[in-house]
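Observations on the three-dimensional arrangement
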2 protein chains.
Amino acid sequence: MEKILSKTNSKIKFAASLNEKKYRLENGMFLIEGKKMLEMGLKANLVDSIFTTVELKNIPSSVKTYYVTDEIIEKISNEKNPEGIVAICKFPKWDNDYSKYHKIVYLDDINDPGNMGTIIRTALAFNYDALVLSKNCVDVFNSKVVSATRGALFLLPIFNDDLGRFSSKDIIVSALSDKAVSLENVKKSNDFVLVLGNEAHGVSENTLKLANQIVKIDISESIDSLNVAVAGGILMQFLQ
Amino acid sequence: MEKILSKTNSKIKFAASLNEKKYRLENGMFLIEGKKMLEMGLKANLVDSIFTTVELKNIPSSVKTYYVTDEIIEKISNEKNPEGIVAICKFPKWDNDYSKYHKIVYLDDINDPGNMGTIIRTALAFNYDALVLSKNCVDVFNSKVVSATRGALFLLPIFNDDLGRFSSKDIIVSALSDKAVSLENVKKSNDFVLVLGNEAHGVSENTLKLANQIVKIDISESIDSLNVAVAGGILMQFLQ
């Protein structure tokens with residue numbers, strides 16, 4: 001039971017560095033917070049080390065546990081009210097043979113970490129097989145994304161790739177285009193990619209060109225659009 | 001075209017005070033930010049005054065417009081990257097004869113401002129008539145709620161009241177109870193209240209007692225629950 005009392009300890013500095021994307025990529029590691037996330041990370045066998053102010057039980061001996069001060073947790077945590085548990089995890093590794101995945105969600109430049117995390121949580125809830133991110137999406141290991149997934153990112157295969165790689169599948173794009181059909185008129189598919197667009201600009205022209213079907217959810221004229229995680233939830237539930 | 005250059009100007013101090021719930025309630029006023037929100041506030045005839053760093057067109061003469069510095073906007077704004085427009089609005093006033101509202105969403109202690117704002121936006125999108133908040137909900141005029149509504153709070157009647165007041169309507173409660181039926185087995189209604197519960201604890205025991213129907217959305221066993229704004233979106237779309 002090792003204790004760390006100094007904020008300038010090298011392990012603490014390393015953990016804090018993982019709040020930056022650059023260092024996450026360099027090390028293939030990211031941070032998680034709280035009991036529930038730790039539980040899911042341990043189940044996935046991806047926890048490298050734990051920093052905690054509270055006593056923890058049933059931690060495998062291969063995982064290093066450090067007892068630290070509140071001040072140290074505050075230094076490495078991204079929460080307003082930290083639970084007192086922060087852990088370093090390794091990036092999950094997934095088989096990128098896409099032919100194995102039949103229900104995929106594709107995110108076209110999603111910007112907001114909360115939206116991305118919520119979509120990942122929803123995709124797992126409705127038994128989607130994988131999630132793919134376009135180049136300009138927010139980083140999936142951003143702490144706000146990780147927290148909003150509620151652990152789903154340990155269980156759902158996630159890739160960075162171009163939509164063009166999936167042209168053998170039925171590409172169903174959510175967009176407010178003139179060519180869009182209403183939800184109830186979409187042809188369901190057993191091998192498809194559901195595409196959700198950017199919060200402000202929707203999907204790109206290139207994405208629309210790749211679409212086999214364009215779908216919209218009918219809404220009141222009083223408001224421009226639905227939140228993308230809500231629209232995504234309705235579409236994922238319908239198409240599952 | 002009045003200019004304000006000092007952060008300690010009394011009008012600026014007053015605007016900044018509206019970031020606290022206490023002063024919002026005392027004055028019956030709240031803050032909005034950005035061009036889009038301003039447009040919707042003006043349409044609803046609820047804008048009292050505007051503080052801006054950019055030139056604005058078509059502002060009615062009854063609305064006071066003050067040109068201010070970036071520093072002043074930063075003082076009164078709640079955004080990370082403020083657009084340079086902050087306005088003071090009056091609370092909307094709604095007819096509280098509930099018999100007029102036939103499709104209602106009830107929020108049972110919703111805590112997260114983003115969730116509440118997104119639910120308000122979704123309720124308007126699916127033509128719900130009103131939204132009712134339980135006592136322990138986050139304040140609807142909190143800046144994060146306001147921003148996430150995308151202006152829907154200018155158009156959707158919103159009240160604070162007890163669920164018991166709606167016992168003449170069909171009360172449909174979303175909960176992971178043993179008694180819950182799956183979405184597709186819910187009896188649709190023309191005069192109903194859809195109840196969504198707290199992010200961590202769901203709905204209260206008292207709420208469950210008032211339910212005419214309890215509904216759940218079927219999800220994978222790999223994850224505990226859906227985000228409440230996503231679940232709410234799926235339910236609102238289905239029951240509309």
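To start, this report covers the structure provided alongside it. (Residues numbered from 1 in each chain as written. Chains lettered and ligands numbered in written order. Predicted model: local features only at pLDDT ≥ 70, side-chain atom pairs only at ≥ 80, totals over all residues. Heavy atoms only, no water.)

**Focus: the overall build of chain A**
The line we're drawing: Put simply, DSSP marks the helices as runs of H or I at least four residues long and the strands as runs of E at least two long, and each gets a number from the N terminus on. Residue exposure (1.4 Å probe, protein chains only): buried if accessible area is under 20% of the type maximum, exposed if over 50%, otherwise partly exposed. Contact between two residues is taken to exist if any of their heavy atoms lie within 4.5 Å; hydrogens are not considered. In short, Shrake-Rupley with a 1.4 Å probe defines the accessible areas, and a residue's cover is counted only from the protein chains shown. Charged residues are defined narrowly, with Lys and Arg counted positive, Asp and Glu counted negative, and His plus the chain ends left uncounted. We put the charge of a Lys on NZ, of an Arg on CZ, of an Asp on CG and of a Glu on CD.
Along chain A, the regular secondary structure elements total 8 helices and 12 strands. In terms of its C-alpha atoms, chain A occupies a principal-axis envelope of roughly 60 × 40 × 30 Å. Residue burial in chain A is summarised as follows: out of 240 residues, 55% are buried. Taking the contacts inside chain A whose residues are at least 6 apart along the sequence as the reference set, 75% of them involve residues at least 24 apart. Taken as a whole, chain A presents about 11700 Å² of accessible surface, with 44% of it coming from carbon and sulfur. Taking the 29 positively charged and 30 negatively charged side chains of chain A as two groups, their mean positions are separated by 5 Å.

**Description of the relation of the copies chain B and chain A**
The criterion, for reference: In superposing the copies, a least-squares fit is computed on C-alpha atoms, taking residues whose pLDDT is at least 70 in both.
Laying chain B over chain A is done by rotating through 180 degrees and shifting 0.0 Å along the axis; what remains is an RMSD of 0.0 Å. Viewed as a symmetry operation, the transformation between the two copies matches a two-fold axis. Of all interface residues in chain B, 100% are interface residues in chain A too; the two copies therefore contact each other through one and the same surface.

**Remarks on a positive patch on the surface**
Test applied: Within the patch definition used here, like charges are joined within 9 Å and nonpolar side chains (Val, Leu, Ile, Met, Phe, Trp, Tyr) within 5 Å, considering only residues with over 30% relative accessible area and no salt bridge. A carboxyl oxygen of Asp or Glu within 4 Å of a side-chain nitrogen of Lys or Arg is what we treat as a salt bridge.
Together, Lys80 and Lys144 of chain A together with Lys80 and Lys144 of chain B line one region of the surface with positive charge. By secondary structure assignment, the location of Lys144 of chain B is in helix H6 (residues 143-149).

**Points about the environment of Leu163 of chain A**
All names here are of chain A. Structurally, Leu163 is set in the loop between strand E8 (158-160) and strand E9 (170-174). Sequence separation between Leu163 and Ala211 is 48 residues; the distance between their C-alpha atoms is 9.8 Å. Contact partners of Leu163, with chain neighbours within four places excluded, come to Tyr106, Ile171, Val193, Val195, Thr207 and Leu210.

**Details of the sheet that holds strand E7 (residues 130-133) of chain A**
Residues and elements named next belong to chain A. Our working rule: Any two strands with at least two DSSP-identified bridges between them are counted as paired. Here the axes come from fitting lines to C-alpha atoms, over the contacting stretch only for helices, and the angles between their N-to-C directions go from 0 to 180 degrees.
What the 7 strands build is an open sheet, ordered E8-E7-E6-E11-E9-E12-E10; its pairing is parallel. Because the sheet does not close on itself, it has two edges, and the strands there are E8 and strand E10 (181-182). By the bridge criterion, 4 bridges tie E9 to strand E11 (residues 192-196) in an arrangement that is parallel. In the strand pairing of E11, Ile172 is matched with Leu194. Together, strand E6 (103-107), E9, E11 and strand E12 (213-216) form the strand contacts of helix H8 (residues 228-239), whose direction differs from that of E11 by roughly 160 degrees.

**Thoughts on the pattern of salt bridges**
Applying the stated criterion across every chain yields a total of 16 salt bridges over all chains. The partner of Asp95 of chain B in a salt bridge is Lys100 of chain B, with the nearest N and O atoms 2.2 Å apart. Exposure remark for Asp95 of chain B: the relative accessible area of 37% places this residue in the partly exposed category. Among the charged side chains, a network of salt bridges with common partners joins Lys36 and Glu39 of chain A together with Asp224 of chain B.

**Quick word on the packing of aromatic side chains**
Rules: Note on ring pairs: Phe, Tyr and Trp rings are taken, using the six-membered ring of Trp, and paired if centres are within 6.5 Å. Classes follow the plane angle, with under 30 degrees stacked, over 60 edge-to-face and the rest tilted. Whether a charge sits over a ring comes down to the Lys NZ or Arg CZ being within 6 Å of the ring centre and within 35 degrees of the ring normal.
Applying the stated rule across the entire model yields 18 aromatic pairs over all chains. Look at Phe30 of chain B and Phe141 of chain B: their rings are 4.6 Å apart centre to centre, the planes differ by 40 degrees, and that puts the pair in the tilted class. Taken as a pair, Phe30 of chain B in strand E2 (residues 29-33) and Phe141 of chain B in the loop between strand E7 (130-133) and H6 lie far apart in primary sequence, 111 residues in all. Taking the ring centre of Phe238 of chain A as reference, the NZ or CZ of Lys188 of chain A above it sits at 4.4 Å.

**Side note on the sheet that holds strand E4 (residues 64-67) of chain B**
Residues and elements named next belong to chain B. Strand order across the open sheet formed by 5 strands is E1-E4-E3-E5-E2, with mixed pairing between neighbours. The open sheet has two free edges, formed respectively by strand E1 (2-3) and E2, since each of these has just one partner strand. Pairing of E1 with E4 involves 2 bridges; the strand directions are parallel. Looking across to E4, one finds that Lys3 is bridged to Tyr67.

**A word on unusual backbone geometry**
Residues and elements named next belong to chain B. Even without being a glycine, Asn58 presents a positive backbone phi close to 60 degrees. The residue Asn58 is located in the loop between strand E3 (47-52) and E4 in this model. Taking the relative accessible area as the measure of exposure, Asn58 reaches 77% and is therefore exposed. Located in the positive-phi region is Asp109, a residue other than glycine, with phi close to 60 degrees. By the element assignment, Asp109 lies in the loop between strand E6 (103-107) and helix H5 (113-125). Overall, Asp109 belongs to the partly exposed group, its relative accessible area being 23%.

**Quick look at the pairing of strand E9 (residues 170-174) of chain B**
Residues and elements named next belong to chain B. Counting buried positions over the 5 residues of E9 gives 5, a clear majority of the element. Neither face of E9 is open: one carries Asp170, Ile172 and Ser174, the other Ile171 and Val173, and all of them are buried. Relative to strand E12 (residues 213-216), E9 runs parallel, the two sharing 3 bridges. Within E12, the residue paired with Val173 across the bridge is Ile214.

**What about the interface of chain B and chain A?**
Filter applied, for reference: Put simply, buried area is the surface a 1.4 Å probe can reach on two separate parts but cannot reach once they are joined, added for both.
In this assembly, 31 residues from chain B lie in contact with 31 residues from chain A. Taken together, the two surfaces of chain B and chain A that pack against each other cover about 2300 Å², and 61% of this comes from carbon and sulfur. Its largest share of buried area at the contact with chain A, chain B owes to Arg121, Ile223 and Val230 of chain B, together 23% of the area lost on that side. Remark: the boundary between chain B and chain A carries 2 salt bridges.

**Re helix H1 (residues 10-17) of chain B**
Operational definition: Polar contact criterion, stated in full: a pair of N or O atoms within 3.5 Å, where within protein one must be able to donate a hydrogen and the other to accept it, and residues adjacent in sequence count only if both atoms are side-chain atoms.
Of all the positions in H1 of chain B, only Ile12, Ala15, Ala16 and Ser17 of chain B are classed as buried. At the N-terminal boundary of H1 of chain B, the capping side chain belongs to Asn9 of chain B, with an oxygen 2.7 Å from the backbone nitrogen of Lys11 of chain B.

**So, the packing of helix H5 (residues 113-125) of chain A against H8 of chain A**
Residue and element names in this part refer to chain A. Selection rule: By the definition adopted for this analysis, an angle is roughly parallel if under 35 degrees, roughly antiparallel if over 145, roughly perpendicular if from 65 to 115, and oblique otherwise. Left-handed describes a crossing whose near helix is turned anticlockwise from the far helix through less than a right angle; right-handed describes the clockwise counterpart. Classification convention: Asp, Glu, Lys, Arg as charged; Ala, Val, Leu, Ile, Met, Phe, Trp, Tyr, Cys, Pro as nonpolar; all other residues, Gly among them, as polar.
Across the interface, H5 lies against H8 with an axial gap of 9 Å and an inter-helix angle of 15 degrees. Comparing their axes, H8 and H5 come out roughly parallel. For H5 against H8, the interelement crossing comes out right-handed. Residues Asn115, Thr118, Ile119, Thr122 and Ala123 of H5 lie in contact with H8, whose contacting residues are Val228, Ala229, Gly233 and Met236. Partitioning the contact of H5 with H8 into residue classes produces 5 nonpolar, 4 polar and no charged.

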